[in-house]
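Structural characterization, general
What follows is the residue order along each chain.
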Amino acid sequence: MKYNYNLAYFQKSADYVRSRIDFTPEIAIILGTGCGPLADEIQDAVVIPYEEIPNFLVSTVSDHAGKLICGTLMGKKVICMNGRFHYYEGYDFEQLTAPVRLFKLLGVQKTIVTNAAGAVNTDYAPGDVVILKDHLNFFNVCPTRGPNVEELGPRFFDVSDIYTKALREIALDCAARTELVVHEGVYMYFPGPHFETAAEIRAARLLGADCVGMSTVPEALTAAHCSMPLLGISLMTNMATGLASEKLGSGEVSQTAQNVETPFKEFIKDIISHL
Ligand code: HPA
């Protein structure tokens, strides 16, 4: 067996972070590609580079910062990951449990995950936002595979409300106050790092996907395991392969994220103030 995690393993990361902050964070935020600027708005920030945290992981993606930022945002105590971890970096799904388990052990009550994604639903446009209501994960195993950490959650766990309905409703209410077009939809996980083929996107649409991306699902499954309420928010940075004439690259992804940076940031802040 490759991983033999137990509670003490994750507790070591949590003990270190707790030693650096003097409050219990209420909301955790994982920032995806292009969502980083939100981190600059956190007041009285304690910044902890990932490499300082024992038993944690380090970001290898160039535009992912790799820091935990703890402080106050919209009057709420938050812990924010600027830079997240992906399977395509070489991590196994089991390792990707670390962030949400850290949050849980710190006493976080709600987690928000953001990501950049490709739009599969042809009613969507680049720059639109999708509140995730469910996901499709046909490519990988579950991150909680291996010895179960019973103190965190059961071996077999329910995922019928993985993207917590009550939180989605709050986010959809906030949609009335943003200039962004906000949808509710289904995210389909692809491991990457290549973008999908046009045939895969046609299949994804047939299966019920509204958008596709290379993150979020490991964190979402870890959150469901430890009963962590979760809100997933995807920024449509591009139309998925085959739905637009241009070839896909990270340039387009970051350009769209940059174009809507301010309204996207304000939308997330509004949600945080209403959680
Ligand atoms: N596919 C997968 N991941 C993505 C995409 C995409 O089209 N855009 C941004 N992240």
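The coordinates are above.
Structural notes, computed from the coordinates. (Residues numbered from 1 in each chain as written. Predicted model: local features only at pLDDT ≥ 70, side-chain atom pairs only at ≥ 80, totals over all residues. Heavy atoms only, no water.)

For the pair helix 1 (residues 7-20) and helix 2 (residues 98-106), the least separation of the axes is 9 Å and the interaxial angle reads 65°. Relative to helix 2, the element helix 1 lies roughly perpendicular. Note on packing geometry: the crossing formed by helix 1 with helix 2 is right-handed. Counted together, L7, F10, Q11, S13, A14, V17 and R18 of helix 1 and A98, R101, L102, L105 and L106 of helix 2 form the full contact between these two elements. For the contact of helix 1 with helix 2, the per-class residue count stands at eight nonpolar, two polar and two charged. (Axes fitted to C-alpha atoms, helices over the stretch in contact; angles between N-to-C directions. Helix = DSSP H or I, 4+ residues; strand = E, 2+ residues; numbered from the N terminus. Parallel < 35°, antiparallel > 145°, perpendicular 65-115°, else oblique. Left-handed = near helix turned anticlockwise from the far one by under 90°. Contact = heavy atoms within 4.5 Å. Nonpolar A, V, L, I, M, F, W, Y, C, P; charged D, E, K, R; others polar.)

What follows concerns the site of the ligand. Around the ligand, the neighbouring residues are A116, A117, G118, F195, E196, V212, G213, M214, T237, N238, L248 and V253. Residue E196 places a side-chain N or O atom 2.8 Å away from a nitrogen atom belonging to the ligand. Between the ligand and N238, the relevant distance is 2.7 Å, taken from a nitrogen atom to a side-chain nitrogen or oxygen of the residue. Computed on the free molecule, the ligand has an accessible area of 260 Å², of which 95% lies beneath the protein chains in the complex. Elements with a minimum of two residues in the shell around the ligand: strand 5 (110-119), strand 8 (211-213) and strand 9 (230-239). Considering every element that reaches the shell around the ligand, the biggest residue donor is strand 5, with three residues. Considering only residue class, the shell around the ligand consists of seven nonpolar, four polar and one charged. (Near = heavy atom within 4 Å. Polar contact = N/O pair within 3.5 Å; in protein donor to acceptor, adjacent residues only side chain to side chain. Areas by Shrake-Rupley, 256 points an atom, 1.4 Å probe, with all protein chains shown as cover.)

Right, let's get into the packing of aromatic side chains. All told, the structure shown has eleven aromatic pairs when counted by the stated rule. Their ring planes at 80° and their centres at 5.3 Å tell us that Y9 and F10 sit as a pair that is edge-to-face. The class for Y9 is partly exposed, based on a relative accessible area of 28%. Here F10 falls in the buried class, since its relative accessible area comes to 2%. When the ring of Y50 is compared with that of F85, the centres are 5.2 Å apart and the planes differ by 55°; the resulting orientation is tilted. Taken as a pair, Y50 in the loop between strand 2 (43-49) and strand 3 (67-73) and F85 in the loop between strand 4 (76-82) and helix 2 lie far apart in primary sequence, 35 residues in all. Y50 gets classed as buried once you look at its relative accessible area, which sits at 1%. (Phe/Tyr/Trp six-rings, centres within 6.5 Å; stacked < 30°, edge-to-face > 60°. Buried < 20%, exposed > 50% of the residue type's maximum accessible area, 1.4 Å probe, protein only.)

Residues V17, F56, L68, I79, M81, F85 and F103 are the most contacted members of the largest nonpolar core, which totals 53 residues. Looking at this core element by element, the count peaks at six residues for helix 2. Setting aside chain neighbours within four positions, we find L68 in contact with V17, V46, V47, I48, Y50, I53, I79, C80, M81 and L102. If you look at the next biggest cluster of nonpolar residues, it comprises 31 residues, including L38, L231, L235 and L275. (Core = buried A, V, L, I, M, F, W, Y, C linked by side-chain atoms within 4.5 Å.)

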